[in-house]
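Take a look at the letters that make up each chain.
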Amino acid sequence: MSIKKIFNVFRLDLANSKRDKVMIYTLLAPIILAFVLKLISPGFQNLSVNFVSLEGDTELVGRLERYGNVELSPTLEKLKERVLDSGDTIGVYLKDGTYSLLMQGNEPEEIQALAKLALSGILSEGISGVEFETTDNGKTLPPMTLFGFSFVVVLSFTLGGFIIGFNIIDEKESGAMRALMITPISKSEFIVGRSIIGVAVPLIHALLAVLVFAIGGIDILKLIIVTISSSFIGIAMGFLIGVMSSNQMSGLANMKISVLLLLMPVMLAFVLPENRQFIFYWSPTYWSFAALRDILNQSSEWATFLIQLLWITLTTAVIFMIMRGKIKTGLQNYQS
C-alpha cells in the first residue's frame, strides 16, 4: 500500500472541497450551528429568579435565598412598587399566615414557573414526616448544551460521508479520477485515501465544539476515540451515496434520507425515557450519542465506555455488511 497514492487521493478530495461551495458550507455548517446553539444555551444555563420580600420576615428570606437572589423591602407598598419596576422581580410575602406571590404578569413563563416551584418548595418544608432532596440525576450540563454538542458531533459524522459521496459524484461528472488512475492504484489505497477526510472532518468539528460550548473537564481521549469509531458509519454511507448517485441532485436526495436515518435516533433518544430507548439499539449513532452523553456528564466509566464502543462497532459492521455488495459493485464500475 503506497502512502503517496493514498495522499494523492486525499489531496484530490481537499481540492474538490475547496472548489465546490457546497463542500465549504458543509465543512462550516456544524461550527455555525454550534455557535447558534451556544447563543441559545445561556438562557437555559443562567436562568435565575430575583425575589423581593419584607425585611422583618427573616425565616422566609432565609428560605427564599435557597432558590434565588433576594432583595429586602421595608413595607408591603414598597415591595409592590419594586415588583412593578423594570426587571422580572417576584414579590413573596407572608400575610395572615398565607404565602403570596406577586408578579406583573408579563414575566417569561420560565421565571413564573420557577417562582411557583420555589414557593412550593418553601411550603413543603413545613410538612412533617417528609424529607426533600435535590439531585442532578447524574447530569452536570444543561439539557440544551448536552443536546447541542451531541447533535453537532453526530451531524459531523454524516457530513464527513457527505463530502466523500459528493467528491465521488463530482469526479464521475468531471472525469478527474481518470487522470489519477493513470498511475495504477489499488482499491484499498483508494478507499483509505478517500476515507481520511471522513475521519478528519468529524474529529476537527468535535474538538472545535468543545471550545465553542466552553465545556470544561471533558475527557478528550474518550471524545477522540468515540469520534473516530463513529465516523466509519458516515464513511460507509458516503461511499454508498457516491456510487449509487448518478448526479448531484440524486446525491442530495439520497443524503437527506441517510441523514434522517442517522440523526433521528439521536433526536428521539434525547426526549424518550431510557427504558424505551432499546428501539434504537440497532443504530450506531444512538450508541455514539450515549457515549457522548456520558462523557459530557463526566459519568463515563471505562467499562461502560468500552461496551458502548463495542456496540458502535457491531452496529456499524452490520450496516456495512448490508451495503457491502452495492458499494463493491459501484466501485468496480466507478474505477473501470
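Note that the structure is predicted; figures quoted are calculated from it, not measured.

About the thresholds
- Residues numbered from 1 in each chain as written.
- Predicted model: local features only at pLDDT ≥ 70, side-chain atom pairs only at ≥ 80, totals over all residues.
- Heavy atoms only, no water.
- Core = buried A, V, L, I, M, F, W, Y, C linked by side-chain atoms within 4.5 Å.
- Buried < 20%, exposed > 50% of the residue type's maximum accessible area, 1.4 Å probe, protein only.
- Helix = DSSP H or I, 4+ residues; strand = E, 2+ residues; numbered from the N terminus.
- Contact = heavy atoms within 4.5 Å.
- Pairing = 2+ DSSP bridges.
- Patch = residues over 30% accessible without salt bridge, like charges linked within 9 Å, V, L, I, M, F, W, Y side chains within 5 Å.
- Areas by Shrake-Rupley, 256 points an atom, 1.4 Å probe, with all protein chains shown as cover.
- Salt bridge = Lys/Arg side-chain N within 4 Å of Asp/Glu carboxyl O.
- Expected span 1.5 Å × (residues − 1).
- Polar contact = N/O pair within 3.5 Å; in protein donor to acceptor, adjacent residues only side chain to side chain.
- Axes fitted to C-alpha atoms, helices over the stretch in contact; angles between N-to-C directions.
- Parallel < 35°, antiparallel > 145°, perpendicular 65-115°, else oblique.
- Nonpolar A, V, L, I, M, F, W, Y, C, P; charged D, E, K, R; others polar.

(A) The nonpolar core, seen in detail. Core analysis: the biggest nonpolar cluster contains 36 residues, and Phe149, Phe213, Ile218, Leu223, Val226 and Leu292 have the highest contact counts within it. Contributing elements (two or more residues each) for this core: α2 (21–45), α6 (143–174), α8 (187–212), α9 (220–244), α10 (248–271), α11 (284–296) and α12 (302–335). Ranked by the residues each element gives to this core, the list is headed by α6, at 11 residues. Apart from the residues within four sequence positions on either side, Val226 is in contact with Ser288, Ala291, Leu292, Ile295, Phe305, Leu309 and Ile312. Grouped together as the second largest cluster of nonpolar side chains are 20 residues, Ile163, Ile168, Phe239 and Leu262 included.

(B) Structural detail: unusual backbone geometry. At Ala214, a residue that is not glycine, the phi angle is positive and equals roughly 55 degrees. Mapped onto the secondary structure, Ala214 falls in the loop between α8 and α9. Its relative accessible area of 59% is what places Ala214 among the exposed residues. Even without glycine at this site, Gln298 takes up a positive phi of about 55 degrees. Relative to the elements of secondary structure, Gln298 occurs in the loop between α11 and α12.

(C) Structural context of the pairing of strand β1 (residues 50–54). The pairing of β1 with strand β2 (residues 69–73) spans five bridges and is classified as parallel. Paired with Phe51 across the two strands is Val70, which belongs to β2. As judged from the three bridges shared by β1 and strand β3 (residues 89–95), these two strands associate in the parallel manner. What sits directly across from Asn50, in β3, is Thr89.

(D) Quick look at a nonpolar patch on the surface. A grouping of Ile24, Tyr25, Leu28, Ile32, Val36 and Ile40 is seen on the molecular surface, where their side chains present a nonpolar patch of about 540 Å² in accessible area. Summarising the element assignment, Tyr25 is placed in helix α2. Residue classification places Tyr25 among the exposed positions, given a relative accessible area of 55%.

(E) Expanded view of α10. In this model α10 runs 34 Å from its N-terminal to its C-terminal C-alpha over 24 residues, within 8% of the 34 Å that 1.5 Å per residue would give. Of the residues making up α10, those classed as buried are Gly251, Met255, Ser258, Leu262, Leu263, Pro265, Val266 and Ala269. The N-cap residue of α10 is Asn247: its side-chain oxygen and the backbone nitrogen of Met249 are 3.1 Å apart.

(F) Looking closely at the pairing of β3. Counting buried positions along β3 yields five of seven residues, so the element is predominantly enclosed. Where β3 meets strand β4 (residues 98–102), five bridges bridge the pair, whose relative direction is antiparallel. Considered in β4, the bridge of Tyr93 is made with Ser100. As consecutive antiparallel partners, β3 and β4 are separated by two residues, and within that stretch Asp96 has a phi angle of approximately 55 degrees, a positive value.

(G) Fine view of the side chain of Ser288. By the element assignment, Ser288 lies in helix α11. A relative accessible area of 2% means that Ser288 is categorised as buried. Of note is the side chain of Ser288, whose polar atom sits 2.6 Å from the side chain of Ser230. Residues within four places of Ser288 in sequence aside, it is in contact with Phe157, Val226, Ser230 and Ile312.

(H) A look at the environment of Pro265. Within the element layout of this structure, Pro265 appears in helix α10. Looking at Pro265, the relative accessible area reads 3%, which means it is buried. Taking C-alpha positions, Pro265 is 9.1 Å from Tyr281, a pair spaced 16 residues apart along the chain. Residue contacts for Pro265: discarding those within four places in its chain leaves Leu260, Phe280, Trp282, Ser283, Thr285 and Tyr286.

(I) Broad picture of the packing of α9 against α11. Interaxial distance between α9 and α11 falls to 10 Å at its minimum, and their mutual angle equals 170 degrees. If you check the angle between α9 and α11, you find them roughly antiparallel. Between α9, through Lys222, Leu223, Val226, Ser230 and Ile233, and α11, the contact on the second element is made entirely by Pro284, Ser288, Ala291, Leu292 and Ile295. Among the residues making up the contact of α9 with α11, the classes are represented as seven nonpolar, two polar and one charged.

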